[in-house]
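Next come the chains, spelled out residue by residue.
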Amino acid sequence: LALQPDGKILIGGNFARVGETYQNSIARLETNGAVDPTFNSALDAYAWFYTLTPQADGKVLVATDSGLDRLMPDGRRDTNFQRFSAFQWITNAGGMTSANNSIRSIAELGDGKILLGGEIQAIEGLALGAGLIRLNPDGTWDQSFHGFTNWGVSTLLVQPDGQIVIGRNGRLARLNVDGTMDDTFASPTIEGDVMALARQPDGKILMGGYYQRAA
């Protein structure tokens, strides 16, 4: 679920219909919960949905098992956005092979750049194996961002100062604006999966997921 600036509600999941309206994996509701008929999803039928993020200009970033798309305010694909494909061809010692990218979390930064968290196996023909990458506003890869390659990312949170809190199986960490590790953050050990993060007004961080203990 995501709330747009105008109060309308975006819903994403694995569905083909909302009420009597056929929609593929994403739909928009009016403020009273009725389906917004002006929004028609351009996603592939039966796409396996992961996450969505509305942008300040009314466009919507959507991650599915096909990759990352940007939709216009009416649901059409944004043809000016370089689509991030879930299936990349990479060169290795054995020739060309397919790599599967899984995007689990998206965040738009103040300058319009986009953070993607997940299991990024390849991008632009290069084997990457990163948990976090940054895209330029048009969807091209921002290689100036350090990235985090030791483990995948299930969820991410951008703080007001630009630092990035990331979580996944067994760990919570904070990165600096350029993607390098913030060694001043306690990084608690977690027995399980961190699936959601939120920041309180006092700056404390809430985390939720499937875990028995955090220490």
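You'll find the structure just up there.
Residues numbered from 1 in each chain as written. Predicted model: local features only at pLDDT ≥ 70, side-chain atom pairs only at ≥ 80, totals over all residues. Heavy atoms only, no water.

1. Digging into the packing of aromatic side chains
The full count for this structure, using the stated rule, is zero aromatic pairs. Above the ring of Tyr50, the side-chain terminus of Arg104 is found at 4.1 Å from the ring centroid. (Phe/Tyr/Trp six-rings, centres within 6.5 Å; stacked < 30°, edge-to-face > 60°. Lys NZ or Arg CZ within 6 Å of the ring centre and 35° of its normal.)

2. A word on the sheet that holds strand S5 (residues 26-29)
The strand order across the open sheet built from three strands is S1-S2-S5, with neighbouring strands paired in antiparallel fashion. Strands with a single pairing partner mark the edges of an open sheet, and in this sheet they are strand S1 (2-3) and S5. Where S1 lies against strand S2 (residues 9-12), two bridges are found, and the strand directions are antiparallel. Within S2, the residue paired with Ala2 across the bridge is Leu10. (Pairing = 2+ DSSP bridges. Helix = DSSP H or I, 4+ residues; strand = E, 2+ residues; numbered from the N terminus.)

3. What to know about the sheet that holds strand S13 (residues 114-123)
Spatially, the three strands line up as an open sheet ordered S12-S13-S14, and their pairing is antiparallel. With partners counted over all chains shown, the strands left at the sheet margins are strand S12 (102-108) and strand S14 (126-135), one partner each. Each adjacent strand pair in this sheet contributes to an overall mean axis angle of 15°, direction not counted. When S13 meets S14, the two strands line up antiparallel, connected through seven bridges. Pairing of Ile114 across the sheet is with Leu135, part of S14. (Axes fitted to C-alpha atoms, helices over the stretch in contact; angles between N-to-C directions.)

4. A short note on the pattern of salt bridges
Under the definition given, this model contains 13 salt bridges. Lys8 is the salt-bridge partner of Glu30, the closest N and O atoms lying 3.6 Å from each other. Of the two residues, Glu30 is situated in the loop between S5 and strand S6 (49-54) and Lys8 in the loop between S1 and S2; the sequence distance between them amounts to 22 residues. What makes Glu30 partly exposed here is its relative accessible area of 24%. For Lys8, a relative accessible area of 18% puts it in the buried group. Residues Glu119 and Arg168 are paired through a salt bridge, measuring 3.8 Å at the closest nitrogen-oxygen approach. Residue Glu119 is found in strand S13, and its partner Arg168 is found in strand S16 (residues 164-175); the two are separated by 49 residues along the sequence. Each of the salt bridges in this network shares a partner with another, and the network as a whole consists of Lys8, Arg28, Glu30 and Asp36. (Salt bridge = Lys/Arg side-chain N within 4 Å of Asp/Glu carboxyl O. Buried < 20%, exposed > 50% of the residue type's maximum accessible area, 1.4 Å probe, protein only.)

5. Some points on the side chain of Arg134
Mapped onto the elements of the fold, Arg134 is located in strand S14. Its relative accessible area of 11% is what places Arg134 among the buried residues. In this structure the side chain of Arg134 is engaged in a polar contact, spanning 2.7 Å, whose partner is the side chain of Asp142. Looking at Arg134, its side chain comes within polar contact range of the side chain of Ser144, at 3.3 Å. In this structure, Arg134 is in contact with Leu109, Lys113, Ile114, Leu115, Trp141, Asp142, Ser144, Phe145 and Val177, ignoring residues within four places of it in sequence. (Polar contact = N/O pair within 3.5 Å; in protein donor to acceptor, adjacent residues only side chain to side chain. Contact = heavy atoms within 4.5 Å.)

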